[in-house]
Amino acid sequence: MVILDFDGTLADTQPLIIDSMQSTIRELQLPARSDAECRAMIGLPLKECFMRLLPIDDVVGDRCVEVYRRIFDEKNHNGVVMLFSHVMETLREMHERGLLLAICSSRGRPTLEGFVRSFHLESYVSMVVSANDVQYGKPHPEPVRLILQKLAVAADEAMVVGDASYDILMGCAAGCRTCGVTYGNQSAAELKAAGAELLIDDFAELTRILGL
């Protein structure tokens, strides 16, 4: 099995996410943060992104989530988010070779399912886990453990693939192999420091790593 992150691994959502975060900060008149500081939060559950990024309490954190989701939906029109190069053909090849594929994201279920449908990924992916499906999000191992349990796969037979340290930490904690993609939201050094066993610069390299 290959367990895949979505944002920054399958799809290039970084510009839209950062734009939505900055717009949220401005609308709520919160302390300014750089694009780089916002980018470093991508991959965490949404409320945690803002709680780590800003000196705010739970009430303001909830308000950030509410405003962010509205702004994201307003800006997320057709063509804004695209899959990275070679993602679709590589997913198709892995599926045809008999690998189970799952998506594990910190994104809320409505937008995650919307992206899965818009990119026509349903026929390749056996399970989708969103932030709404677990009590503890990344980097906690619960999302991966849920997938392993539901699809009856042993941890040592699964690889977690993601662009952020949170993905790698989650996969390691669940006992899976891990692979970091260097074209997403965090650097190769950050992924390696988190414990990534493998690093790839192009999604298509997965077929080589998996011996397909």
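Residues numbered from 1 in each chain as written. Predicted model: local features only at pLDDT ≥ 70, side-chain atom pairs only at ≥ 80, totals over all residues. Heavy atoms only, no water.

1. Describing the state of the cysteines
Rules: Sulfur atoms of two cysteines make up a disulfide when they are within 2.5 Å. Relative accessibility decides the category of a residue: with a 1.4 Å probe and only protein chains considered, values under 20% of the type maximum give buried, values over 50% give exposed, and everything between is partly exposed.
One pass over the structure, following the stated rule, counts zero disulfides. Left without a disulfide partner, cysteine 172 is nearest to the cysteine sulfur of cysteine 176, which lies 9.0 Å away. Cysteine 172 gets classed as partly exposed once you look at its relative accessible area, which sits at 35%.

2. A word on helix α7 (residues 142–151)
Under the convention used in this document: Strands are runs of DSSP state E lasting at least two residues, helices are runs of H or I lasting at least four, and both sets are numbered from the N terminus onward.
Regarding α7, the residues found buried are Pro143, Val144, Leu146, Ile147 and Leu148. Of the residues one or two after α7, alanine 152 is the one with positive phi, at around 55°.

3. Describing unusual backbone geometry
Along the chain, lysine 138 connects to proline 139 via a cis peptide bond; the corresponding omega equals 5°. With respect to the helices and strands, the residue proline 139 is situated in the loop between β5 (127–129) and α7. The backbone phi angle of histidine 86 is positive, close to 70°, even though this residue is not glycine. Note that histidine 86 resides in the loop between β3 (82–83) and α5 (87–96). Unusually for a residue other than glycine, histidine 120 sits at a positive phi of about 60°. Here histidine 120 shows up in the loop between α6 (109–118) and β5.

4. A look at the nonpolar core
Note that soluble globular proteins tend to have their nonpolar side chains buried in a common cluster. Threshold: For this analysis, a nonpolar core means a set of buried residues of the types Ala, Val, Leu, Ile, Met, Phe, Trp, Tyr and Cys, connected via side-chain atoms within 4.5 Å. By definition in these notes, contact holds between two residues if any of their heavy atoms fall within 4.5 Å.
Phe6, Met21, Phe50, Leu91, Ile103, Leu121 and Leu206 are the most contacted members of the largest nonpolar core, which totals 51 residues. Element by element, the count of residues in this core is highest for helix α1 (residues 14–27), at five residues. The residues touching leucine 91, leaving out its near neighbours within four places in the chain, are Leu4, Leu10, Leu101, Leu121, Tyr124 and Phe203. Listed in part, the 17 residues of the second largest apolar core include Val153, Val160, Met170 and Cys176.

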